[in-house]
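Observations on the three-dimensional arrangement
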Amino acid sequence: MAPIELYSFEGCPYAQRTRMALLEKQLDFVLHEIDLFNRPAWFRDVSPYGKVPVLRHEGVTIYESAIINQYLDERFPAPPLMPATPALRAQARIWMDYCETRFLVATHKLMSEANDTARRADNAGKLTEVLRFIEHEGLRKLGDGPYFLGETVSLVDLQFSPFFERFGTYERLGGATWPADCTRLRAWFEAMQGRESYRATSRPLEYHLEARRQMQLRIAEARRAAAAGPGAQAAARTH
Ligand SMILES: N[C@@H](CCC(=O)N[C@@H](CS)C(=O)NCC(=O)O)C(=O)O
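The rules we used
For every chain, the first residue of the written sequence is number 1, and numbering continues from 1 along that sequence. Given that this is a predicted model, residues contribute local features only at a pLDDT of at least 70 and side-chain atom pairs are listed and counted only at 80 or more, while totals for whole chains, interfaces and linings are drawn from all residues. By convention in this description, side-chain values take in all heavy atoms of the structure and omit both hydrogens and water. By convention in these notes, a residue is near a molecule or strand provided one of its non-hydrogen atoms lies within 4 Å of it. Pairs of N or O atoms within 3.5 Å make up the polar contacts considered here, provided that, within protein, one atom can donate a hydrogen while the other can accept it, and that residues adjacent in sequence are counted only when both atoms are side-chain atoms. What sets the accessible areas is the Shrake-Rupley method with a 1.4 Å probe; for residues, cover comes only from the shown protein chains. Counting from the N terminus, the helices are the DSSP runs of H or I reaching at least four residues and the strands are the DSSP runs of E reaching at least two. Residue polarity is assigned by list, with Asp, Glu, Lys and Arg as charged and Ala, Val, Leu, Ile, Met, Phe, Trp, Tyr, Cys and Pro as nonpolar; anything else, Gly included, falls into the polar class. Each pair of strands is called paired provided DSSP finds at least two bridges between the two strands. Axes here mean lines fitted to C-alpha atoms, for a helix over just the part in contact, with angles spanning 0 to 180 degrees between N-to-C directions. Two residues form a contact once any of their heavy atoms are found within 4.5 Å. What counts as a domain boundary in this text is fixed by an automatic or database domain assignment. Summed over both partners, the accessible area (1.4 Å probe) lost when two parts come together is defined as the buried area. Salt bridges are defined as contacts in which a side-chain nitrogen from Lys or Arg sits within 4 Å of a carboxyl oxygen from Asp or Glu. A crossover gets the label right-handed when its path from the first strand over the helix to the second runs clockwise, viewed with the strands pointing away from the viewer. Aromatic pairing here means that ring centres of Phe, Tyr or Trp (its six-membered ring) are within 6.5 Å. Orientation follows from the plane angle: under 30 degrees is stacked, over 60 is edge-to-face, and everything else is tilted. Only protein chains enter the area calculation, which uses a 1.4 Å probe; residues under 20% of their type maximum are buried, those over 50% are exposed, and those in between are partly exposed. Distance and angle both matter: a charge sits over a ring if NZ of Lys or CZ of Arg is within 6 Å of the ring centre and within 35 degrees of the ring normal.

Focus on the site of the ligand
Neighbouring the ligand are 14 residues; C12, R39, V52, E64 and S65 lie closest to it. Take R39: an N or O atom from its side chain is 3.0 Å from an oxygen atom of the ligand. Here a nitrogen atom of the ligand and a side-chain polar atom of E64 are 2.7 Å apart. Surface burial for the ligand is 85%, taken as the share of its 510 Å² of free accessible area covered by protein chains. Considering every element that reaches the shell around the ligand, the biggest residue donor is helix 1 (residues 13-24), with three residues. Residues of the shell around the ligand, tallied by class, amount to six nonpolar, four polar and four charged.

Digging into the sheet that holds strand 4 (residues 60-63)
Taking strand neighbours across the sheet as the criterion, the four strands line up as 2-1-3-4 in an open arrangement whose pairing is mixed. Two strands lie at the open edges of the sheet, namely strand 2 (30-33) and strand 4, each paired on one side alone. Here the strands of the sheet are splayed against their neighbours by 20 degrees on average, with no regard to which way each runs. Pairing geometry for strand 1 (residues 5-8) and strand 3 (residues 54-57), over three bridges, is antiparallel. In the strand pairing of strand 3, E5 is matched with R56. Helix-sheet contacts for helix 1 involve strand 1, strand 2 and strand 3, and the interaxial angle to strand 1 is about 150 degrees.

What about the domain arrangement of the protein chain?
Under the domain assignment, the protein chain is made up of domain 1 (5-75), domain 2 (86-201) and domain 3 (205-235). Here domain 1 and domain 2 have C-alpha centroids that lie 22 Å from each other. Counting from both sides, the interface comprises 15 residues of domain 1 and, opposite them, 20 residues of domain 2. Roughly 1500 Å² of surface becomes buried between domain 1 and domain 2 when both sides are summed, with 58% attributable to carbon and sulfur atoms. Per-residue buried area on domain 1 facing domain 2 is highest for R17, M20 and E24; these three make up 39% of the total on that side. Applying the counting rule to domain 1 against domain 2 returns two salt bridges. For E100, the salt bridge is made with R17, and the minimal N-O distance between the two is 2.6 Å.

Here's the deal with the pairing of strand 2
Note: strand 1 against strand 2, four bridges, orientation parallel. Considered in strand 2, the bridge of E5 is made with V30. Chirality of the crossover, the property in question, places the unit of strand 1, helix 1 and strand 2 among those that are right-handed.

Observations concerning the packing of aromatic side chains
Considering all chains together, one arrives at 23 aromatic pairs under this definition. Look at F148 and W188: their rings are 5.5 Å apart centre to centre, the planes differ by 80 degrees, and that puts the pair in the edge-to-face class. Highlighted residues: F148 in the loop between helix 5 (117-142) and helix 6 (155-165) and W188 in helix 8 (residues 183-193), separated in sequence by 40 residues. One exposure class covers both F148 and W188, and it is buried. When the ring centre of F76 is taken as origin, the NZ or CZ atom of R75, which lies over that ring, is 4.9 Å away. Geometry around W178 places R186 over its ring, the cationic atom sitting 4.1 Å from the centre.

See below:
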């Protein structure tokens, strides 16, 4: 079989989604770990957006984690990570889309404005609304769980879980709280934490807090470089 090559960065939740899909499908792959803080010049030729993850397989370059995971599921159908019927597949896509367009938008805003005292409470409240929507419109209506689409893990679960792994950073740094009524969400996350694909790819809260700290330092460095002029700016690209 042609090798599957994955360009990844250990601390990247998007790349983690893909590593989880590869593990769920028990596929061997060649891992190219990219230090995003000190990326090799050739990486631009590999990754059109300059981001990880990127998958190379059978002469094709695929990027965007959700699209990579759908490719893997179609190219290697066993075990399936998408439901069999069009109606359920549509549900899966609704929640994958919700993850990107609502949930991640709320978490990114929360974290990027974490030091803005005027915005903090509002952003935490928005994330609470999003979590409640997942609980009441998603998990409770979709079935009995424990996963989004029922008893079987799917791409939806892989799409959300790396970000729930980082929920402690949203709490500590952004003032987020887990709403008490989101009990199905809690049970879902516990089920995910029990999976080998999650255990093999997840890191403790301290790791994520340190990763955040490093990223803040890089951003500050890049701002300083930008203020100093275009030459210095190129030297201090950020994540
Ligand atoms: N939408 C992309 C997001 C990927 C992404 O943002 N990756 C980050 C690391 S977590 C990255 O490579 N950043 C490098 C950069 O923006 O230059 C996906 O789902 O794959």
